[in-house]
Amino acid sequence: MFFLGRGVFDQEMGVPQGSILSVTLFALKINSIVKSVSPGVECSLYVNDFLICYRSKFVHIIERHLQQTLNKLEHWVDTNGCKFSETKQSACTSADFGKFTQILCCF
């Protein structure tokens, strides 16, 4: 049972959204997402923003590594009851004068 605004409510499962405990539990849960990243793929996690990156001279190699990682991330999301926001997803490509190309995917 918890107090919210003008009344008391029964909570049958989970924790109230916005409570200190919900933030802590979310942080503990989301940290395991980095284990889903394929070897060689770099990642960065800040609260609920997640970025993966791979560099290579060949775009087809980048695409293969990122697709493998995206497949693993999809499995993690399905297993852990989360989802990626469609409005926050993006990808960009950058090149270093023919030496390396990198593709970043943000969630």
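Residues numbered from 1 in each chain as written. Predicted model: local features only at pLDDT ≥ 70, side-chain atom pairs only at ≥ 80, totals over all residues. Heavy atoms only, no water.

Engineer: Let's hear about helix α2 (residues 59-80): which residues, and what values?
Structural biologist: The end-to-end C-alpha separation of α2 is 31 Å, in line with the 32 Å expected for 22 residues at 1.5 Å each. By the burial criterion, the buried members of α2 are I62, H65, L66, T69, L73, W76 and V77. Projected down its long axis, α2 carries its buried residues within an arc of 115°, all on one side. Exposed residues lying more than 90 degrees from the buried face of α2 are H60, H75, D78 and T79. (Helix = DSSP H or I, 4+ residues; strand = E, 2+ residues; numbered from the N terminus. Expected span 1.5 Å × (residues − 1). Buried < 20%, exposed > 50% of the residue type's maximum accessible area, 1.4 Å probe, protein only. Arc of directions from axis to C-beta.)

Engineer: Any chance you could break down the pairing of strand β4 (residues 49-56) for me, citing the residues and the numbers?
Structural biologist: Here five bridges tie strand β3 (residues 42-46) to β4, and the two strands are oriented antiparallel to one another. Of the residues in β4, the one forming a bridge with Y46 is D49. (Pairing = 2+ DSSP bridges.)

Engineer: Any details on the nonpolar core? Residues and values, ideally.
Structural biologist: Nonpolar side chains in soluble globular proteins tend to be buried together. Membership of the largest hydrophobic core is limited to twelve residues, which are I30, I33, V37, V41, F50, I52, Y54, I62, L66, L73, W76 and V77. For this core, the secondary-structure elements that each account for two or more residues are β4 and α2. With five residues, the single largest contributor to this core is α2. (Core = buried A, V, L, I, M, F, W, Y, C linked by side-chain atoms within 4.5 Å.)

Engineer: Could you give me a rundown of the environment of Q68, with the residues and numbers involved?
Structural biologist: With respect to the helices and strands, the residue Q68 is situated in helix α2. Among the residues examined, Q68 registers a relative accessible area of 37% and is labelled partly exposed. Placed 27 residues apart in sequence, Q68 and V41 show a C-alpha to C-alpha distance of 9.9 Å.

Engineer: Give a description of the side chain of S36 that names residues and reports values.
Structural biologist: When you line up the elements, S36 lands in the loop between α1 (20-30) and β3. The residues contacting S36, other than those within four sequence positions of it, are T69, K72, L73 and W76. (Contact = heavy atoms within 4.5 Å.)

Engineer: Before we move on, can you summarise the environment of V15 with the specific residues and values?
Structural biologist: One can find V15 in the loop between β2 (7-9) and α1. Residues V15 and L25, spaced ten residues apart in sequence, show a C-alpha to C-alpha distance of 9.2 Å.

Engineer: Summarise a nonpolar patch on the surface; cite the residues concerned and give the values.
Structural biologist: Taken together, the side chains of L21, L25 and L28 make up a nonpolar region of the molecular surface, amounting to roughly 300 Å² of accessible area. Within the secondary structure layout, L25 lies in helix α1. (Patch = residues over 30% accessible without salt bridge, like charges linked within 9 Å, V, L, I, M, F, W, Y side chains within 5 Å. Areas by Shrake-Rupley, 256 points an atom, 1.4 Å probe, with all protein chains shown as cover. Salt bridge = Lys/Arg side-chain N within 4 Å of Asp/Glu carboxyl O.)

Coordinates in, geometry out; function isn't part of it.
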